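# A structural walkthrough
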Amino acid sequence: MEITLYTSNCPKCKILKAKLDDKKINYNVCDDTNVMTEKGITSLPVLEIDGEMKTFRFAVDWVNEQE
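Okay, so let's go over this structure.

### Let's talk about the environment of N26
Assignment of secondary structure puts N26 in the loop between α1 (11–22) and β2 (28–30). For the pair N26 and I3, spaced 23 residues apart in sequence, the C-alpha separation works out to 7.2 Å.

### Here's the deal with the pairing of strand β3 (residues 46–49)
Residues V46 and E48 point to one face of β3 and L47 and I49 to the other, with burial holding for every one of them. Note that β3 and strand β4 (residues 52–55) share four bridges and pair antiparallel. Bridge assignment links L47 to a residue of β4, and that residue is K54. In textbook terms, the turn of a hairpin is the stretch between consecutive antiparallel strands, and for β3 and β4 this stretch comprises two residues, one of which, D50, has a positive phi near 50°.

### Overview of α1
Helical periodicity: at 3.6 residues per turn, an α-helix aligns residues three or four positions apart in one direction. With 12 residues, α1 should cover 16 Å at 1.5 Å per step; its first-to-last C-alpha distance of 16 Å lies within 8% of that length. The elements touched by buried residues of α1 are β1 (3–6), β3 and α3 (56–65). In the segment just after α1, K24 is the residue with positive phi, at about 55°.

### Topic: α3
Taken together, the buried positions of α3 are A59, V60, W62 and V63. The buried side chains of α3 occupy one side of the element, clustering within an arc of 160° when seen end-on. Set apart from the buried face of α3 by more than 90 degrees, the exposed residues are R57 and E65. Each element contacted by the buried residues of α3 is listed here: β1, α1, β3 and β4.

### Some details on the sheet that holds β4
Across a sheet, paired strands are connected by hydrogen bonds in the backbone, their directions being either parallel or antiparallel. If you trace the four strands from one edge of the open sheet to the other, you get β2-β1-β3-β4, paired in mixed fashion. Here the strands that pair on one side only, and so sit at the sheet edges, are β2 and β4. When the angles between neighbouring strand axes are averaged without regard to direction, this sheet yields 25°. Two elements, β1 and β2, share three bridges in a ladder whose sense is parallel. The residue bridging T4 from the neighbouring strand is N28, located in β2.

About the cut-offs
Residues numbered from 1 in each chain as written. Predicted model: local features only at pLDDT ≥ 70, side-chain atom pairs only at ≥ 80, totals over all residues. Heavy atoms only, no water. Helix = DSSP H or I, 4+ residues; strand = E, 2+ residues; numbered from the N terminus. Buried < 20%, exposed > 50% of the residue type's maximum accessible area, 1.4 Å probe, protein only. Pairing = 2+ DSSP bridges. Expected span 1.5 Å × (residues − 1). Contact = heavy atoms within 4.5 Å. Arc of directions from axis to C-beta. Axes fitted to C-alpha atoms, helices over the stretch in contact; angles between N-to-C directions.

Shown next as structure tokens:
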């Protein structure tokens, strides 16, 4: 499973990062605004899981479901 956290280190980004770390989920971090623009990301954070983009609310739900 390939997971990337797109972040600007905003408060919501930090919450999502902490949740991922608490669950010991391996992920990559991208803070390159050019990459985010190319992917059509307009608000942060976004969690990309195997090519599927999840906004903050859905990303938190996904992380909470992980064992």
